[in-house]
Amino acid sequence: MSKPTQIRPGPVADVPRARQVLRSTPVFASLSVKIHEALASTMAPRDYSAGQILCTEGDAGSSLFVLETGWVKAVRMTEGGREQAVNVMRDGEVFGAETVFTQAPYPLTVIALESVTAWRIDGAALTALVSRHPPLALACLDHLGMRARYYIQLVEDLSLRSVPARLASTLLSHAESRDGQFIVPRRAWTTLDEMAARLGTVRDVLSRAISTLEGEGLLRLERDRIILVDPKKLLDRGRA
């Protein structure tokens, strides 16, 4: 893992593109042109390669990040060096708000899983804008509320549900409907180790969970995708 090597100068050199990014980001999409204009003037893009770090756990939380392209993972490391993936995010998602509004350090390390472009919104500038634009404040509160609900669900999953149940639930949440089938695409970085880290387990336990669900006729693992053979029964399995 390494720090970004390509940093475009800021403040933003392409305000129209920054506005388009905001329009494509669900957290900010419904805000007015005036607010988009104000936010865009505080934004600067950065490019990251796979494995590079966007922010590090414990560092001062000075920016909000908006993902324009690519996927990242947010992780915590145990003292023994084991990685726990807390979240995986893609283009259109936002992170860092909890640090900007509390002046706390980043709680997680965020790492690019592939080539990523992310826009930084300066935390001090965002805080000033929130105080002047109530709709922006409400949008940020809504985002923080959704994050809180996500983490509550994550705690429940890790503490109360089996690995096969967590796997079933995660697959269903990422499934896409294609040609009458429900599938979960496997990207280049979707290894068993990555999947295990997301589910709070290890590779061997995950392999057994996959074999269990395959044996029950609920899914089929292929090189570039996972086919959900029986989504209804998989849903029941995810509630176990």
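Our subject is the structure listed above.
The numbers attached to residues start from 1 for each chain and follow its sequence in the written order. Local features in this predicted model are restricted to residues whose pLDDT is 70 or higher, and side-chain atom pairs enter the listing and the counts only when it is 80 or higher, whereas totals over whole chains, interfaces and linings include all residues. Hydrogens and waters are ignored; side-chain quantities use all the structure's heavy atoms.

J.: Explain the packing of aromatic side chains to me, please; I cannot follow it from the model alone.
T.: By convention here, two paired aromatic rings are described through the distance between centres and the angle between planes. Any two rings among Phe, Tyr and Trp, with Trp reduced to its six-membered ring, count as a pair given centres within 6.5 Å; such a pair is stacked if its planes are under 30 degrees apart, edge-to-face if over 60, and tilted if neither. Under the criterion given, the structure shown has four aromatic pairs. Connected via pairs of aromatic rings, a cluster forms that spans Phe65, Phe95 and Tyr106.

J.: Teacher, can you tell me more about the sheet that holds strand E8 (residues 109–112) here?
T.: Where strands meet in a sheet, backbone hydrogen bonds hold them as pairs that are either parallel or antiparallel. Here the rule is simple: two strands pair whenever DSSP picks up at least two bridges between them. Secondary structure counts use DSSP, requiring at least four H or I residues in a row for a helix and at least two E residues in a row for a strand, with both numbered from the N terminus. One open sheet accounts for four strands, arranged E3-E8-E5-E6; its pairing is antiparallel. At either margin of the open sheet sits one strand with a lone partner, and together these are strand E3 (53–55) and strand E6 (83–89). Ignoring strand direction, the axes of neighbouring strands in this sheet form an average angle of 35°. Judged from the two bridges that link them, E3 and E8 form a sheet pairing that is antiparallel. Residue pairing for E8: Cys55 is matched across the bridge by Val110. A contact between two residues is defined here by any heavy atoms of the two lying within 4.5 Å. For helices, the axis comes from a line fit to the C-alpha atoms of the stretch in contact; other axes are also lines fit to C-alpha atoms, and the angle between any two N-to-C directions lies between 0 and 180 degrees. Against the sheet, helix H7 (residues 192–199) touches strand E5 (72–77) and E6, its axis set at about 95° to E6.

J.: Looking at this model, I keep getting lost on the pattern of salt bridges. Mind explaining?
T.: Pairs can form between side chains of opposite charge whenever their charged atoms are close. Salt bridge, as used here, is a side-chain nitrogen of Lys or Arg placed within 4 Å of a carboxyl oxygen of Asp or Glu. For the coordinates displayed, the defined rule picks out 12 salt bridges. Arg17 serves as the salt-bridge partner of Glu68, at 2.5 Å between the closest nitrogen and oxygen. Pair noted here: Glu68 is in strand E4 (residues 63–69) and Arg17 is in helix H1 (residues 15–23), with a separation of 51 residues, a long-range link. Of the charged contacts in the structure, one is a salt bridge between Glu194 and Lys73, with a shortest N-O distance of 2.7 Å. Placement of Glu194 in helix H7 and of Lys73 in strand E5 is noted, with a sequence separation of 121 residues between them.

J.: Help me out: how do you make sense of the packing of helix H6 (residues 163–173) against helix H8 (residues 203–215) in this one?
T.: Packed helices, taken two at a time, are described by the angle between their axes plus the distance between the axes. Two numbers describe how H6 lies on H8: the axes approach to 9 Å, and their chain directions differ by 70°. For the element pair H6 / H8, the angle class is roughly perpendicular. Touching Val163, Pro164, Leu167 and Ala168 of H6 are Val205, Leu206, Ala209, Ile210 and Leu213, all from H8. By residue class, the composition of the contact of H6 with H8 is nine nonpolar, no polar and no charged. Note on angle classes: values under 35 degrees are labelled roughly parallel, values over 145 roughly antiparallel, values of 65 to 115 roughly perpendicular, and the remainder oblique. Under the scheme applied here, ten amino acids are nonpolar (Ala, Val, Leu, Ile, Met, Phe, Trp, Tyr, Cys and Pro), four are charged (Asp, Glu, Lys and Arg), and all others, including Gly, are polar.

J.: Mind showing me how you'd approach the packing of H6 against H7 here?
T.: Two numbers describe how H6 lies on H7: the axes approach to 10 Å, and their chain directions differ by 105°. When the interaxial angle is binned, H6 and H7 end up roughly perpendicular. Listed contacts from H7 to Arg166, Leu167 and Thr170 of H6 are Met195, Arg198 and Leu199. Here the residues of the contact of H6 with H7 are counted per class, giving three nonpolar, one polar and two charged.

J.: What am I meant to see in the pairing of strand E11 (residues 181–185) here?
T.: Both faces of the sheet carry side chains from a regular strand, because those side chains alternate between them. The sheet contact formed by strand E10 (residues 176–178) and E11 spans three bridges and is antiparallel. Residue Glu176 lies in a different strand from E11, and its bridge partner there is Ile183. Counting the residues between successive antiparallel strands, the hairpin from E10 to E11 contains two residues, one of them, Asp179, with a positive phi of roughly 50°. The pairing of E11 with strand E13 (residues 225–228) spans four bridges and is antiparallel. Across the sheet, the residue bridging to Ile183 is Ile227, located in E13.

J.: Looking at this structure, how should I read the nonpolar core?
T.: As a rule of thumb, nonpolar side chains are buried together in soluble globular proteins. The definition of a nonpolar core used throughout is a set of buried Ala, Val, Leu, Ile, Met, Phe, Trp, Tyr and Cys residues joined through side-chain atoms within 4.5 Å. Summary of the burial criterion: residues with accessible area below 20% of their type's maximum are buried, those above 50% are exposed, and those between are partly exposed, where the area comes from a 1.4 Å probe applied to protein chains only. Judged by nonpolar contacts, the single largest core of 24 residues is most densely connected at Phe28, Leu39, Leu64, Ile121, Leu126 and Leu136. Elements with a contribution of two residues or more to this core: H1, helix H2 (33–40), E4, helix H3 (97–100), strand E9 (116–122), helix H4 (123–132) and helix H5 (134–160). Looking at this core element by element, the count peaks at four residues for H5. If we ignore the near neighbours within four places in the chain, the residues touching Ile121 are Phe28, Leu39, Thr42, Met43, Ser62, Ser63, Leu64, Val66 and Leu126. Within the second largest apolar cluster, 18 residues are counted, among which are Leu171, Val184, Met195 and Leu206.

J.: What should I look at first to understand unusual backbone geometry in this one?
T.: Backbone geometry follows two general trends: most residues other than glycine have a negative phi, and most peptide bonds adopt the trans configuration. Not every positive phi belongs to a glycine, and Gln103 is a case in point at roughly 55°. Residue classification places Gln103 among the exposed residues on the basis of a relative accessible area of 67%. Located in the positive-phi region is Asp179, a residue other than glycine, with phi close to 50°. With respect to the element layout, Asp179 can be found in the loop between E10 and E11.

So far we have only geometry, and geometry alone does not tell us how the molecule works.
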